[in-house]
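Analysis of the macromolecular model
Listed below are the residues making up each chain.
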Amino acid sequence: KAGVTQTPRYLIKTRGQQVTLSCSPISGHRSVSWYQQTPGQGLQFLFEYFSETQRNKGNFPGRFSGRQFSNSRSEMNVSTLELGDSALYLCASSLGSHGYTFGSGTRLTVV
Amino acid sequence: TQLLEQSPQFLSIQEGENLTVYCNSSSVFSSLQWYRQEPGEGPVLLVTVVTGGEVKKLKRLTFQFGDARKDSSLHITAAQPGDTGLYLCAGSPEGEGAQKLVFGQGTRLTINP
């Protein structure tokens, strides 16, 4: 059974650019969540999608957005990148509410 | 803002010793999970506890959810070098929807041979 797949694994972008990250959940999982992990703030919730609808959103600026497709795959987009956006972005999928399977993450570096 | 405070942040002990990691909050959580994360990888779920006072065991690891569902602990017996890693507690705040997880800052555990 394939796990949660995130692409790309590594990304280097310049300040002001935008970036799109992709997440393919475990087959059959309809809930996809996104988290940002930094050394200073730890893991912080970005948003969660279920059946193409955003059900919950964390406290991040509007530059951070996401969407989910009918096949449950999800993308998140960050526009007008700032140096502080450098982080490990993690995607997690779930069948229910009591256990999430995380991908290996996308390491984004903004220079 | 629901916060989960984990302690200690760093722990380095010798193989064979016991240890306990704590996860505390002033908020109530509908469920609490423990994860372990290796460098360069995403967190891996170890256990989920949902009932106040619940105790779950996973080999040498014992997890407990506080009676009031505001705190949890992870106890490792006879630690081994393979237990080395970052341990994270995460909770679903009651009333906010189970989809949002609040994470503790993590405990970086090192077991020395």
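Placed above this text is the structure.
Residues numbered from 1 in each chain as written. Chains lettered and ligands numbered in written order. Predicted model: local features only at pLDDT ≥ 70, side-chain atom pairs only at ≥ 80, totals over all residues. Heavy atoms only, no water.

**Here's the deal with the environment of Met76(A)**
All names here are of chain A. On the secondary structure map, Met-76 appears in strand S8 (residues 74–78). The class for Met-76 is buried, based on a relative accessible area of 1%. When the C-alpha positions of Met-76 and Ala-92 are compared, they lie 13 Å apart, and in sequence the two are 16 residues distant. Once residues within four sequence positions are removed from consideration, Met-76 is found in contact with Val-19, Thr-20, Leu-21, Trp-34, Leu-46, Phe-47, Phe-64, Ser-65, Gly-66 and Tyr-89. (Helix = DSSP H or I, 4+ residues; strand = E, 2+ residues; numbered from the N terminus. Buried < 20%, exposed > 50% of the residue type's maximum accessible area, 1.4 Å probe, protein only. Contact = heavy atoms within 4.5 Å.)

**Here's the deal with the pairing of strand S11 (residues 106–110) of chain A**
Residues and elements named next belong to chain A. Burial of the side chains of S11 is restricted to one face: Thr-106, Leu-108 and Val-110 are buried, whereas none of Arg-107 and Thr-109 on the reverse face is. Pairing of strand S2 (residues 10–13) with S11 involves four bridges; the strand directions are parallel. Of the residues in S11, the one forming a bridge with Lys-13 is Val-110. The pairing of strand S9 (residues 87–94) with S11 spans three bridges and is classified as antiparallel. Paired with Tyr-89 across the bridge in S11 is Thr-106. (Pairing = 2+ DSSP bridges.)

**Digging into the pattern of salt bridges**
Evaluation of the coordinates by the stated rule reveals nine salt bridges over all chains. Of the charged contacts in the structure, one is a salt bridge between Lys56(B) and Glu54(B), with a shortest N-O distance of 3.8 Å. Exposure remark for Lys56(B): the relative accessible area of 32% places this residue in the partly exposed category. Judged by its relative accessible area of 18%, Glu54(B) falls in the buried class. Connected through shared salt-bridge partners, Arg63(A), Glu82(A) and Asp85(A) make up one network. (Salt bridge = Lys/Arg side-chain N within 4 Å of Asp/Glu carboxyl O.)

**Some thoughts on the pairing of strand S3 (residues 19–24) of chain B**
Residue and element names in this part refer to chain B. Along S3, the buried face is formed by Leu-19, Val-21 and Cys-23; none of Thr-20, Tyr-22 and Asn-24, which line the opposite face, is buried. The sheet contact formed by strand S1 (residues 5–7) and S3 spans three bridges and is antiparallel. Across the sheet, Glu-5 pairs through a bridge with Asn-24, a residue of S3. Summarising the sheet, S3 and strand S8 (residues 71–76) pair through six bridges and their orientation is antiparallel. Bridge assignment links Val-21 to a residue of S8, and that residue is Leu-74.

**What to know about the sheet that holds S1(B)**
Residue and element names in this part refer to chain B. An order of S1-S3-S8-S7-S6 is seen for the five strands of this open sheet, with the pairing classed as antiparallel. Strand pairing shows two members of the sheet lacking a second neighbour, S1 and strand S6 (55–58), which therefore form its edges. Strand-to-strand twist in this sheet, taken as the mean axis angle between neighbours without regard to direction, amounts to 15 degrees. Note that strand S7 (residues 61–65) and S8 share five bridges and pair antiparallel. By the bridge assignment, Phe-65 is partnered in S8 with Ser-72. (Axes fitted to C-alpha atoms, helices over the stretch in contact; angles between N-to-C directions.)

**A word on the environment of Arg30(A)**
All names here are of chain A. Mapped onto the elements, Arg-30 comes out in the loop between strand S3 (19–24) and strand S4 (31–38). The spatial distance from the C-alpha of Arg-30 to the C-alpha of Gln-68 is 9.4 Å, given a sequence separation of 38 residues. Ignoring anything within four residues of it in the chain, the contact list for Arg-30 reads Tyr-49, Phe-50, Ser-51, Gln-68, Ser-72 and Ser-94. A distance of 2.7 Å separates a polar atom in the side chain of Arg-30 from a polar atom in the side chain of Ser-51. (Polar contact = N/O pair within 3.5 Å; in protein donor to acceptor, adjacent residues only side chain to side chain.)

**With respect to the interface of chain A and chain B**
Residue-level contacts link 21 residues of chain A with 21 residues of chain B. Both faces considered, chain A and chain B share a buried interface measuring about 1,700 Å² in area, 50% of it formed by carbon and sulfur atoms. Connecting chain A to chain B are zero salt bridges. Linking chain A with chain B are seven residue pairs in polar contact (both at pLDDT 80 or more). Residue assignment for the side of chain A that touches chain B shows that the elements contributing at least two residues are S4, strand S5 (42–50), strand S6 (53–57) and S9 of chain A. Broken down by element, the residue count for the side of chain A that touches chain B peaks at four residues, all from S5(A). Of the residues in the side of chain A that touches chain B, the class split is seven nonpolar, eleven polar and three charged. (Buried area = accessible area lost by both parts, 1.4 Å probe. Nonpolar A, V, L, I, M, F, W, Y, C, P; charged D, E, K, R; others polar.)

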